[in-house]
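# Descriptive analysis of the structure
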Amino acid sequence: MAYRLETPREGGGLSGTRQVNFDPVVRVAGALALHTTIDHDRGEVVDASVLGTLFRGYETILQGRDARDAIFIASRICGVCGSSHAATAANAIEMAFDIQAPPMAVAARNLLLATECLYSHAHHLFVLAGPDYSEPVVKATNPELWARAEGTLARGVATHGYERISDIMTGLTRVSGELYAEALYMTRIAREGYVIIGGKYPHPQTTVPGGISSLIDTSDMNIYMLRVVKFFDYGRKVAAVWDDIIDFFYEANPRYREVGARAPNLIDNGHFDDPWAYDALYENASRWGEARWATPGAVVDGRLVTTDLQRLHGGTEEFVDHSFYENWSGGGASGDTSLSANHAWNKETIPAPGSPSSSKYSWCTAARWDRHAMEGGGYARLWITSVANKSPHRMFCEPTGSGMRFSIPQASLPATELEWRVPQSWGALERNRANAYSLVHTALISYDLVLMCLDLLRKGEGRISTEFRIPKDSREGMGLGGSPRGLVNHHMTMDKGQIESYQVVTHSTFSASPRDGSGQPGPIEQAVIGTPLLSAPGDESYIDVLRAVRSFDPCMPCATQ
Amino acid sequence: MAHNSSAGRSNGAIALPERAPNRIAPDENVHVFWLNGMGCEGCSISFAGASNPAMEQFQWGTLPGIPKVILHHPMFSEHSGDAFTEPYRQAAAGRLGAPYIVVLDGSVPDDEALPSAEGYFSAMGAGGISSHTGSDRPDRVTEWLYRLAPGALATMAMGTCASWGGIPAAAGNITGSMSLMDFLGGNYRSSWNIPVINVPGCAPVGDNFTETLAGLLHWAAGIGPPPEFDELGRPAWQFGETVHRHCPKAGYYEEGVFAEAPGDNMCLVEIGCWGPVVQCNIVERGAVNHMGGCMVAGGACIGCTMPGFPDKYAPFHKPPPGSAISGGISKVYGGAIRRLRRMSMKTGNREPLWDNADEVPSAWAGAVGPRSGTDRFAAYFYKKLQYNGTVHHGNRYKKQPLPKSRDILTQKGIDHTQSVDVLRERSLPREEI
Ligand code: SF4
Ligand code: SF4
């Protein structure tokens, strides 16, 4: 196992096999460490372990609280996507209370969720992952690539304004680069819109049981729209920048397709409920799931195997063989005998803090679907929605079965069509590319949602909350939602208005998971194992290993709660 | 911003000296060592969302009079692993050779009390902090804290978890979490003799933090005045008032008009707002770039900046007990005030010219016509009071002749009545203000 720690010795020759640990891996969301065994003679990583190094115990803290409070407490699970946890908790409460948020509330929640994607994708692409492809990094790790970049014209110059690939790389430089600074600026623009309805970010103050606590009026939509349309031009620019960078790396060395490569095993709940299809009833989840603007689904080995939300949920299990928890007795908190004893809803959280020298090495559980190691992310959502080709709502985004066509309206740049296609290979660079196109996708969805809110205002359907009574009997509710980084599942059982159990599984509980009971590594582990070392001999930063990890856009507060 | 009120003065908090005990030279950099404890990354996201000043401005060194910041941050730094932790290690060993500030987001787990020396709830790095031994032992965030804090220029708690424990320290927690002040103890002083600085909020307003950091550095450079902190180490100018005082809905409260359901535009106290007893500036400053803020958007305050958060404000969505009294009083008193104000608005909503002509030329509303006798009567007394002892503009305007080109379209015989009929077809019921 690779979780024995050993520091690379200074000046040591880079040959043979040695253990290298990256603790912490910076520029990801949250506390993540990576331990690897690197074989320098073979020039690749031969073993890897991902460690989630933080546990706060939200599931336990939620127990015994007023069920209504789940929203404001659970939101704090993650400060990178608080909106998603707030909305998912609201869905769980509404299912348990048997109430339904009115169309304006569903549309407004969708809008908040979509805006959260705008900020988050920009943050991932330029603040977290982007610097890995920047001038100082490329110069230090692959001087020959820098020389090549200086001589390579950028195809997207008309869209992004950078003449050469080296100019883009300079722009990607951490702190001083133009693209870095612009991304920070754009994340703030997205948040400005967000707080008009959400009140604050990352933890919105207006997501409440039965709706949204915000009066949406013409000014709100005006302010929102002005910010969303900035992402039309920006989205095109981001897609063009990443297309250029990725094509450059592939052309320089086709083996960059192997960095972070693994079989495409992807999972997502879909996103953006149709306000008229969603009824907060579990028995109808398959139907309203497929009516989402982004389609739920699972892709195994590159093949779409289901778009059924109930099947996605039913096949989700958690294992703690290599996680800092004790096995629960089974029998199941959910009381649902059709679910496996390892189903996430049957889990109890029994922490056992230990050290990574035992066989347990992470605070993250091993979430699996149908026993497969699945990855979740904005890119998974784009892929699944594209190939499922079921999205009923196609105002600006048209799934084609093999990709997604975007019709971007005119802003400062003229109106244009853009297309993302399911890639031939699946690795770090394709994850980043798909996230770049996800930015375009969610910009268009945000705009669409602004138009929907305006339409509801026009029809006088501005009502945004629902009255409810707290049920006095015992109830169960779940939220099968999404965040910029992928699926977010909350499951709550309650009695007399109080929470009895609360369980959370997210995209990163899948992506950043350790090995499961059968020894199957988690997705990031799989992607790092086999990643070739393509940097100059002597590069001790192992940049391609880090590129692989960051392409997943993992979020550890979501993963380990 | 107003902070000269009775609540704005802290009662007996120590003040930093007018001149800093040391001084950062103009060409000297200040290192900021950021640590993530039991947090959600929301504080780092807030930090990146700040714009007054912005994170990158510190790093660029483009804030005049404020030393350039070398930021060591798990979410923003360049290098991973040992290359990242090495400067932390140097600082902990007193070998950094430059002034530094420690910032913690997230609360502090009771890791030092865990039975296993290698167990942890929150760790960063491995191999030993004081000497890099290459052992398996994870470096607990608690150890980073107690080794780094004493030598720091200042130690700052970013957000409610670090400031007061927050949700990870709430009832039912199994990690023994606490605040940075609880962990370091009441006697803690930095090497510049400053107790822990707390910038609370869950998540905090990013600008509150960057502004405090900027103020601190400005003072440390020997230029700015000492930032003022209250008795709990909060920036006094930011947390010296209740959020209710600046709330855009405070006028509703005064007039006794309350929201019954989320989405109503009135004061939110009856759907669970704690604003009248919570120290926070989000509605005044805005959440991001002066925009948003909880009640600005319509969300009730749950006290997320306060040491009692969350348990002392939960269950949420329930009116605070005190509101039954103060809200009840304001319904009676505010109701009367509101009626008087509406009366005066009736005259204020009329041009003096309309009074003279005794008609309102608006096609928007069929109902606006000549004034009723009561309205005239009320207006008469109102003006008497208003102009008493000074110029009576009401009487002056009465002598003003009506402009001759009023209603020009009728005078010229241009047909324009179609559009008026269209408007009348659909009239919207409007609630009284
Ligand atoms: S909404 Fe809250 S803070 Fe605003 S006026 Fe009402 S009670 Fe005060
Ligand atoms: S108004 Fe209340 S809930 Fe909002 S940020 Fe301030 S303290 Fe927190």
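Quick note: structure is the one above.
One structure accompanies this document, and this report is about it. (Residues numbered from 1 in each chain as written. Chains lettered and ligands numbered in written order. Predicted model: local features only at pLDDT ≥ 70, side-chain atom pairs only at ≥ 80, totals over all residues. Heavy atoms only, no water.)

### Re the overall build of chain A
Which entries qualify depends on this criterion: Numbering of helices and strands runs from the N terminus, with a helix taken as a DSSP run of H or I at least four residues long and a strand as a DSSP run of E at least two residues long. Exposed residues in this analysis have more than 50% of their type's maximum accessible area, buried residues have under 20%, and partly exposed residues fall in between, with area computed by a 1.4 Å probe over protein chains only. In this analysis, two residues are considered to be in contact whenever any of their non-hydrogen atoms come within 4.5 Å of each other. Surface accessibility follows the Shrake-Rupley procedure with a 1.4 Å probe radius. Residue values consider only the protein chains on display as shielding. All tallies of charge rest on Lys and Arg as positive and Asp and Glu as negative; His and the ends of each chain are not included. The location of each charge is read from NZ of Lys, CZ of Arg, CG of Asp or CD of Glu.
Counting its regular elements, chain A contains 19 helices and 16 strands. Per-residue burial for chain A yields a buried fraction of 70% across its 561 residues. Taking contacts inside chain A between residues at least 6 apart in sequence as the whole, the part at least 24 apart equals 72%. Only carbon and sulfur atoms are counted for the fraction: they give 47% of the accessible area of chain A, which is about 15,900 Å². Here chain A holds 51 positive side-chain charges and 64 negative ones, and the gap between their average locations is 2 Å.

### A few points about the pairing of strand S16 (residues 498-506) of chain A
How we decide: A pair of strands is treated as paired once DSSP finds two or more bridges between them.
In terms of burial, S16 of chain A is largely enclosed, as 7 of its 9 residues are buried. Here strand S15 (residues 486-495) of chain A folds back onto S16 of chain A, and the loop between the two strands holds 2 residues, one of which, Lys 496 of chain A, carries a positive phi near 50°.

### A few points about the sheet that holds strand S2 (residues 69-72) of chain B
All names here are of chain B. Formally: Angles run from 0 to 180 degrees between N-to-C directions of axes, and those axes are lines fitted to C-alpha atoms, restricted for helices to the stretch in contact.
Here 5 strands make up an open sheet; going across it, the order is S2-S1-S3-S6-S7 and the pairing parallel. With partners counted over all chains shown, the strands left at the sheet margins are S2 and strand S7 (197-199), one partner each. Recorded for the sheet is a direction-independent mean angle of 20° between the axes of neighbouring strands. Contacts between helix H1 (residues 42-49) and the sheet are confined to strand S1 (30-36), S2, strand S3 (100-105) and strand S6 (154-158), with S1 contributing the most and set at about 140° to the helix. Where helix H7 (residues 206-220) meets the sheet, it contacts S1, S2, S3, S6 and S7, and its direction lies at approximately 170° from that of S6.

### Points about the interface of chain B and chain A
Quick reminder of the rule: Once two parts are put together, the accessible area they lose, assessed with a 1.4 Å probe and summed over both, is termed the buried area. For this analysis, a salt bridge means a side-chain nitrogen from Lys or Arg found within 4 Å of a carboxyl oxygen belonging to Asp or Glu.
Between chain B and chain A, the residue contacts involve 80 residues of the former and 78 residues of the latter. When chain B packs against chain A, close to 6,400 Å² is buried across both sides, 59% of that on carbon and sulfur atoms. Seen at the junction of chain B and chain A, the total is 4 salt bridges. Arg 27 of chain A is the salt-bridge partner of Glu 78 of chain B, the closest N and O atoms lying 3.8 Å from each other. Those elements that provide at least two residues to the side of chain B that touches chain A are H1, helix H2 (55-60), helix H3 (81-92), strand S4 (123-126) and helix H11 (294-297) of chain B. With 5 residues, H1 of chain B is the single largest residue contributor to the side of chain B that touches chain A.

### Things to note about the site of ligand 1
Worth spelling out the cut-off: In these notes, residues near a molecule or strand are those with any non-hydrogen atom within 4 Å of it. Residue type decides the class: Asp, Glu, Lys and Arg count as charged, Ala, Val, Leu, Ile, Met, Phe, Trp, Tyr, Cys and Pro as nonpolar, and the leftover types, Gly among them, as polar.
Residues in contact with ligand 1, as listed here, are His 244, Cys 247, Lys 249, Ala 250, Tyr 253, Cys 267, Leu 268, Val 269, Cys 273, Gly 275, Pro 276 and Met 295 of chain B. Grouping the amino acids of the shell around ligand 1 by side-chain chemistry returns 9 nonpolar, 2 polar and 1 charged.

### Description of the nonpolar core
Here is the rule we go by: In this text, buried Ala, Val, Leu, Ile, Met, Phe, Trp, Tyr and Cys residues form a nonpolar core when linked through side-chain atoms within 4.5 Å.
In this structure, Phe 126, Trp 242, Phe 249 and Phe 406 of chain A together with Ile 101 of chain B are the most contacted members of the largest nonpolar core, which totals 215 residues. Not counting the four nearest positions on each side in its chain, Phe 126 of chain A is found in contact with Pro 131, Leu 172, Leu 179, Tyr 180, Ala 183, Tyr 234, Val 238, Val 241 and Trp 242 of chain A. Counting 26 residues, the second largest nonpolar core, distinct from the first, contains Val 102, Leu 104, Leu 148 and Met 178 of chain B.

### A word on the side chain of Ser 362 of chain A
All names here are of chain A. This is how it is decided: Counted as a polar contact is a pair of N or O atoms within 3.5 Å, where, for protein atoms, one must be capable of donating a hydrogen and the other of accepting one, and residues adjacent in sequence contribute only when both atoms are in side chains.
Along the chain, Ser 362 turns up in the loop between strand S9 (316-319) and strand S10 (366-369). Overall, Ser 362 belongs to the buried group, its relative accessible area being 0%. One polar contact links the side chain of Ser 362 to the main-chain amide nitrogen of Gly 52, over a distance of 2.8 Å. Separated by 2.9 Å, the side chain of Ser 362 and the backbone nitrogen of Cys 364 make a polar contact. With near-sequence residues (within four places) excluded, Ser 362 lies in contact with Val 50, Leu 51, Gly 52, His 322, Ser 323, Phe 324 and Pro 514.

### Side note on the site of ligand 2
Neighbouring residues of ligand 2: 13 residues in total, closest Cys 280, Cys 294, Cys 301, Ile 302 and Cys 304 of chain B. Neighbouring residues of ligand 2 are not confined to one chain but are distributed across chains A and B. Its residues assigned to classes, the shell around ligand 2 comprises 9 nonpolar, 3 polar and 1 charged.

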